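The residues making up each chain are set out below.
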Amino acid sequence: MNIILLGPPGAGKGTQAKILVNEQGLVQLSTGDMLRAAVVSGSALGQEAKIVMDAGKLMPDDIMIQIISDRISQQDCENGFILDGFPRTTAQAEALDRMLGAKILPLDHVIEISVNDTVLVDRINIRVAETPEADRRDDDNAETLKHRLEVYHEQTAPILPYYESRSMLKKVDGMQPIDDVSKQIEAIITAG
Ligand code: AMP
């Protein structure tokens, strides 16, 4: 089973992906985590990613498409994967379709975790207040979130009609408690 989780930054895609990893035995493919690992490694990719991520912008499509194309070819993805943070642009969504087609892999569920911007801003303010600076992601602050939300609405939200027009998009209310969001996702998956 292959799943895409969509939704704005801070919607809980990573949290829900981890729950699906535990419950469904799928692999989580988080492009954000991959880029953060590249930053820690100090590679050329990581150096570029650090600047882009701290500014709340997006990495170039061709780089991200190559990363995901390589990753889904690996053996641990054979039982299914959850894409968390990819696709983020229409070009990425179109490339993903081509990739899956070429590898004859299905796309089983596209799930949007929907959260209002005001709730995301409230959540980040709480996180900043409660989390020691050393434990916080560099891009986890109100200023960067503002840019990330602009980029989300401009470049990522247009993917929603892309999947909607293919009758693939299912929406869950991401403003509910984590367990309730998981139950909504589980219901979609169980319904097939
Ligand atoms: P995330 O952990 O998914 O919130 O991603 C953190 C940051 O990594 C984003 O704000 C982008 O700068 C970058 N990033 C992650 N995934 C992508 C992607 N698919 N395309 C472009 N940039 C990405």
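Residues numbered from 1 in each chain as written. Predicted model: local features only at pLDDT ≥ 70, side-chain atom pairs only at ≥ 80, totals over all residues. Heavy atoms only, no water.

S.K.: Hey, could you go over the pairing of strand β4 (residues 109–114) for me, with residue numbers and the actual values?
M.R.: Burial within β4 is extensive, with six of its six residues counted as buried. Of the two faces of β4, both are covered, the one formed by His109, Ile111 and Ile113 as well as the one formed by Val110, Glu112 and Ser114. With four bridges joining them, strand β1 (residues 3–6) and β4 adopt parallel strand pairing. Bridge pairing in β4 places Leu6 opposite Glu112. Two strands pair when backbone bridges link them, and β4 and strand β5 (residues 169–173) are joined in this way by five bridges, in the parallel orientation. Of the residues in β5, the one forming a bridge with Ile113 is Val172. (Buried < 20%, exposed > 50% of the residue type's maximum accessible area, 1.4 Å probe, protein only. Helix = DSSP H or I, 4+ residues; strand = E, 2+ residues; numbered from the N terminus. Pairing = 2+ DSSP bridges.)

S.K.: With reference to specific residues and values, describe the sheet that holds β4.
M.R.: Remark on secondary structure: sheet strands pair via backbone hydrogen bonds, oriented parallel or antiparallel. The strand order β2-β3-β1-β4-β5 describes an open sheet built from five strands, whose pairing is parallel. In the strand order of this sheet, the two ends are held by β2 (27–30) and β5, each with one partner. If you compare each strand with its neighbour and ignore which way they point, the axes differ by 25° on average. Along the sheet face, helix α9 (residues 178–191) touches β1, β4 and β5 and points at about 155° away from the line of β5. (Axes fitted to C-alpha atoms, helices over the stretch in contact; angles between N-to-C directions. Contact = heavy atoms within 4.5 Å.)

S.K.: An account of the site of the ligand is requested, with residue identities and associated values reported.
M.R.: Taken together, 17 residues lie near the ligand, and Thr31, Arg36, Lys57, Gly85 and Arg148 sit nearest. Interatomic distance of 3.3 Å between a side-chain N/O atom of Arg137 and an oxygen atom of the ligand. The side chain of Arg148 places a nitrogen or oxygen atom 2.4 Å from an oxygen atom of the ligand. Isolated, the ligand exposes 480 Å² of accessible area, and the fraction of that covered by the protein chains is 96%. Counting only elements with at least two residues in the shell around the ligand, the list comes to α2 (31–41) and α3 (44–54). Residues of the shell around the ligand, tallied by class, amount to seven nonpolar, four polar and six charged. (Near = heavy atom within 4 Å. Polar contact = N/O pair within 3.5 Å; in protein donor to acceptor, adjacent residues only side chain to side chain. Areas by Shrake-Rupley, 256 points an atom, 1.4 Å probe, with all protein chains shown as cover. Nonpolar A, V, L, I, M, F, W, Y, C, P; charged D, E, K, R; others polar.)

S.K.: I'd like a description of empty space enclosed by the protein, backed by residues and values.
M.R.: Empty space among the atoms can be located by rolling a probe the size of a water molecule over them. Scanning the entire structure with this criterion turns up one cavity of 30 Å³ or more. Reported here for the largest cavity is a volume of approximately 40 Å³. What lines the largest cavity is Gln16, Ile19, Leu20, Glu23, Ser182, Ile185 and Glu186. At the level of elements, α1 (13–24) and α9 are the ones that each hand at least two residues to the lining of the largest cavity. Per element, the largest residue contribution to the lining of the largest cavity is four residues, and it comes from α1. Across the lining of the largest cavity, the residue classes break down as three nonpolar, two polar and two charged. (1 Å grid on protein atoms, 1.4 Å probe; cavity = no way out; pocket = protein on both sides within 12 Å on 5 of 7 lines; lining within 4 Å. Points joined across faces, edges and corners; volume = space filled by probe spheres on them.)

S.K.: An account of the environment of Val39 is needed here, citing residue identities and associated values.
M.R.: If you trace the backbone, Val39 turns up in helix α2. Taking the C-alpha atoms as reference, Val39 lies 15 Å from Lys57; in sequence the two are 18 residues apart.

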